[in-house]
Amino acid sequence: MELTPIPFLNQEFHDDLSLFSNFLFPDMADFPPAAGGASSFGVGGSANHPSKRRRKEEEEEEEEGAQGGDIVASLVLLEEEEKRQRESFVLETLRGKAALESKSDMALPAMGDYYCHLQPHYDGANELETRKNKRAGQSGSTAAEGGEPHEATTPSVGQQRRLWVKDRSKDWWERCNSPEFPEEEFRREFRMSKATFDFICNELDAAVTKKNTMLRDAIPVRQRVAVCVWRLATGEPLRLVSKRFGLGISTCHKLVLEVCTAIRNVLMPQFLQWPDERRLAAIKDEFEAASGIPHVCGAMYTTHIPIIAPKISVASYLNRRHTERNQKTTYSITVQGVVDPRGVFTDVCIGWPGSMPDDQVLEKSALYQRARKGLLKDVWVVGNPGHPLTDWVLVPYTHQNITWTQHAFNQKLAEVQGVAREAFARLKGRWSCLQKRTEVKLQDLPVVLGACCVLHNICEARNEALDPEQRFEIFDDEMVPENPIRSANAAHARDLIAHNLLHHGLAGTSFL
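Residues numbered from 1 in each chain as written. Predicted model: local features only at pLDDT ≥ 70, side-chain atom pairs only at ≥ 80, totals over all residues. Heavy atoms only, no water.

Chemist: Outline helix H5 (residues 194-208), supporting the account with residue identities and numerical values.
Modeler: Maximum bend of H5: about 35°, positioned at asparagine 202. Residues of H5 that are buried include every one of Lys194, Thr196, Phe197, Ile200, Cys201, Leu204 and Val208, and no others. Where H5 is buried, its residues contact helix H3 (171-177), helix H4 (183-190), helix H6 (221-234), helix H8 (249-271) and helix H14 (445-461). (Bend = angle between axes of the 7 residues up to and from the residue. Helix = DSSP H or I, 4+ residues; strand = E, 2+ residues; numbered from the N terminus. Buried < 20%, exposed > 50% of the residue type's maximum accessible area, 1.4 Å probe, protein only. Contact = heavy atoms within 4.5 Å.)

Chemist: Provide a residue-level description of the side chain of threonine 234, including the pertinent values.
Modeler: Residue position: threonine 234 is located in helix H6. At 2.7 Å, the side chain of threonine 234 forms a polar contact with the backbone oxygen of tryptophan 230. (Polar contact = N/O pair within 3.5 Å; in protein donor to acceptor, adjacent residues only side chain to side chain.)

Chemist: Could you give an account of unusual backbone geometry, with specific residues and numbers?
Modeler: Despite not being glycine, arginine 191 has its phi angle at roughly 60°, a positive value. Mapped onto the elements, arginine 191 comes out in the loop between H4 and H5. Here the phi dihedral of asparagine 401 falls at roughly 60°; this positive angle occurs in a residue that is not glycine.

Chemist: Lay out the nonpolar core with the relevant residues and their values.
Modeler: Judged by nonpolar contacts, the single largest core of 101 residues is most densely connected at Phe190, Leu204, Leu232, Phe245 and Trp431. Here this core takes 11 residues from H14, the largest share from any one element. Those residues within four positions of phenylalanine 245 in sequence are excluded, and the remaining contacts are Ser169, Lys170, Trp172, Trp173, Phe190, Gln223, Ala226, Val227 and Trp230. (Core = buried A, V, L, I, M, F, W, Y, C linked by side-chain atoms within 4.5 Å.)

Chemist: Can you explain the sheet that holds strand E6 (residues 380-382)? Please cite residues and give values.
Modeler: Taken in spatial order, the five strands line up as E5-E4-E3-E6-E7 in an open sheet, and their pairing is mixed. Each having just a single partner strand, strand E5 (345-353) and strand E7 (393-394) make up the two edges of the open sheet. For strand E3 (residues 296-307) and E6, the ladder comprises three bridges, and the chain directions are parallel. Following the sheet pairing, alanine 299 is matched in E6 by valine 382. Along the sheet, H14 makes contact with E3, strand E4 (331-339) and E5, crossing E5 at roughly 160°. (Pairing = 2+ DSSP bridges. Axes fitted to C-alpha atoms, helices over the stretch in contact; angles between N-to-C directions.)

Chemist: Describe the pairing of E4, listing the residues and the values that go with them.
Modeler: For E4, the buried fraction is high: nine of the nine residues fall into the buried class. Note: E3 against E4, nine bridges, orientation antiparallel. The residue of E4 that forms the bridge with isoleucine 307 is tyrosine 331. Here E4 runs beside E5; their pairing, made up of six bridges, is antiparallel. Residue pairing in the sheet places glycine 337 in a bridge with valine 348 of E5. In textbook terms, the turn of a hairpin is the stretch between consecutive antiparallel strands, and for E4 and E5 this stretch comprises five residues, one of which, glycine 343, has a positive phi near 85°.

Chemist: Account for the pattern of salt bridges, with residues named and values stated.
Modeler: Throughout the structure, instances matching the rule amount to 17 salt bridges. The closest approach of N and O atoms between arginine 231 and glutamate 439, which form a salt bridge, is 3.9 Å. Taken together, the positions of arginine 231 in helix H6 and glutamate 439 in the loop between helix H13 (404-430) and H14 put the pair 208 residues apart, joining distant regions of the chain. Residue glutamate 286 is joined to arginine 279 by a salt bridge in which the shortest nitrogen-to-oxygen separation is 3.7 Å. (Salt bridge = Lys/Arg side-chain N within 4 Å of Asp/Glu carboxyl O.)

Chemist: How would you summarise the packing of aromatic side chains if you had to cite specific residues and measurements?
Modeler: The way to describe two aromatic rings as a pair is by their centre distance and the angle between their planes. Taken as a whole and assessed by the stated rule, the structure comprises 13 aromatic pairs. Seen from their ring centres, phenylalanine 190 and phenylalanine 197 are 5.8 Å apart, and the 45° between their planes marks the pair as tilted. Among the aromatic residues, ring-to-ring pairing joins Trp172, Trp173, Phe186, Phe190, Phe197, Trp230 and Phe245 into one connected group. Above the plane of the ring of tryptophan 274 lies arginine 370, whose end atom (NZ or CZ) is 5.1 Å from the centre. (Phe/Tyr/Trp six-rings, centres within 6.5 Å; stacked < 30°, edge-to-face > 60°. Lys NZ or Arg CZ within 6 Å of the ring centre and 35° of its normal.)

Chemist: Account for empty space enclosed by the protein, naming residues and giving values.
Modeler: Taken as a whole and judged by the stated rule, the model has one cavity of 30 Å³ or more. Empty space within the largest cavity amounts to approximately 50 Å³. As for the largest cavity, its lining consists of Arg231, Leu232, Val256, Cys433, Thr438, Val440, Leu445, Val448 and Leu449. The set of elements that each furnish at least two residues to the lining of the largest cavity consists of H6 and H14. In terms of residue count, H14 provides more of the lining of the largest cavity than any other element does, three residues in total. A per-class count over the lining of the largest cavity returns seven nonpolar, one polar and one charged. (1 Å grid on protein atoms, 1.4 Å probe; cavity = no way out; pocket = protein on both sides within 12 Å on 5 of 7 lines; lining within 4 Å. Points joined across faces, edges and corners; volume = space filled by probe spheres on them. Nonpolar A, V, L, I, M, F, W, Y, C, P; charged D, E, K, R; others polar.)

Chemist: Summarise a nonpolar patch on the surface; cite the residues concerned and give the values.
Modeler: There is a patch of nonpolar side chains on the surface, built from Ile71, Leu75 and Leu78 and spanning about 320 Å² of accessible area. Counting through the fold element by element, leucine 78 comes out in helix H2 (residues 49-144). (Patch = residues over 30% accessible without salt bridge, like charges linked within 9 Å, V, L, I, M, F, W, Y side chains within 5 Å. Areas by Shrake-Rupley, 256 points an atom, 1.4 Å probe, with all protein chains shown as cover.)

Chemist: Hey, could you go over a negative patch on the surface for me, with residue numbers and the actual values?
Modeler: Where like charges cluster on the molecular surface, the negative patch consists of Glu57, Glu58, Glu59, Glu60 and Glu61. Looking at the element boundaries, glutamate 61 is found in helix H2. (Lys, Arg positive; Asp, Glu negative; His and termini not counted. Charge placed at Lys NZ, Arg CZ, Asp CG, Glu CD.)

Chemist: Outline the packing of helix H9 (residues 277-291) against H13, listing residues and values.
Modeler: A pair of packed helices can be characterised by two numbers: the angle between their axes and the separation between those axes. Between H9 and H13, the least distance of the axes is 10 Å, while the angle of their chain directions is 135°. Between H9 and H13, the angle is such that the two are oblique. Note on packing geometry: the crossing formed by H9 with H13 is right-handed. Only Lys412, Glu415 and Val416 of H13 make contact with H9, whose side of the interface consists of Phe287, Ala290 and Ser291. (Parallel < 35°, antiparallel > 145°, perpendicular 65-115°, else oblique. Left-handed = near helix turned anticlockwise from the far one by under 90°.)

Chemist: Please set out the environment of leucine 445 residue by residue, giving values where relevant.
Modeler: By the element assignment, leucine 445 lies in helix H14. Along the backbone, leucine 445 and leucine 257 are 188 residues apart, and their C-alpha atoms lie at a distance of 9.5 Å. The residues contacting leucine 445, other than those within four sequence positions of it, are Ile307, Ile333, Thr438 and Val440.

Chemist: An account of the packing of helix H7 (residues 238-245) against H8 is needed here, citing residue identities and associated values.
Modeler: Direction vectors running N to C along H7 and H8 enclose 100°, while the axes themselves pass 8 Å from each other. Compared by their axis directions, H7 and H8 come out roughly perpendicular. The residues of H8 that touch H7, namely those facing Leu238, Arg239, Val241 and Ser242, are Ile249, Cys252 and His253. Taken together, the residues of the contact of H7 with H8 break down into four nonpolar, two polar and one charged.

Honestly, it's all geometry; don't read function into it.
This is how it looks when you write it as structure tokens:
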């Protein structure tokens, strides 16, 4: 029996199958046909696939190798190009540097020649400026002596330069500074005579003189001193001081501090110093002649100066005694002073908080340190009941039920201590800034108060009388210290002095 072959395996049907497979699998049309006339599709072509894959992989490896070689070649070319650019940049830089150095070498001689030709012009301008400053100084001195004031413009090379000082009226000060101004009115305004004012100005001239500038002339010495003295004498606010003298408020404040500092540095060593041996002997003789108490070298008193409430340590500056008396919260600082029989200060201690009692202020003072060094032997400094009794401080009896002898001693001692109290009354009466709170900062107050003490001594030494209307009543309360007797020897010496005053007829009879 003969089998009939399958129709799609015949050769004639193979062409139709190839067309059909190409239509369904177009990517397989490129493969070559299998051996024996069979197509790669089907069972007959499966044996040739591994060799074809190897050839394809080899072709891909050859293509990748070619591409890698192209990349390496490109990198080499880029590196060579970058190297050529660097070399070109270095060459250009060297050429520019060489050109710049050659130009600099040629320019230096030319610049030197130019400045040599220009220097004479600068010398001429400087000489002209020097002459102009001298003329400005001469015009300023003429105005200070009462002459015509200079113009409000300062000439310069080829133009006029306006001063930037604000125009303020100085009529009041110019009238006070004129020779025709009445002496009594000058004394009422400045608390001293014209002669004393001139003396202070001459002493402070070198310390407060300023030079003229290109923009304005310096304030004359007399006006500087007058601003400070008038401010201390009247205690008026800086706003009114500025209006009177035709100056700015900040300028007036600065002048007050500058002149007070000059007074401390220049005049204090001359007019406020502890007396030497010769003067000390004369002071002891004067006090003994007036009171009968021997070896008294000074009378001591401590007063309080009101201040604005400080920003730090407020409680330490609170004055409880004045607050209770005035029914108003009061802050103060202390001023301790020792005076001679004429009321001239020989020692001051300024600036300790107002809450401190008199005995603590004394222990903080330079006078106490001088006594500890043994420099106050065989002398007495008469104090008030707020001071302790020591080997050199003599105070009255403060206990109750005192004897006639002790009462007589207290009266005589009060006369001596009254000299210091009266000196402080004149100090506050002459310089009204001490009577009320001032605008001065707390750290600047010791300089200002020290200047007031020095000016007080100058006025007392030159016998400057104080107007009765300007007298000031002292009302500082006194507190007895917790330990009023610090030395048994001093207590015995005080008893001897009291006994001698009574039994030698020196105590008087006013206590009987």
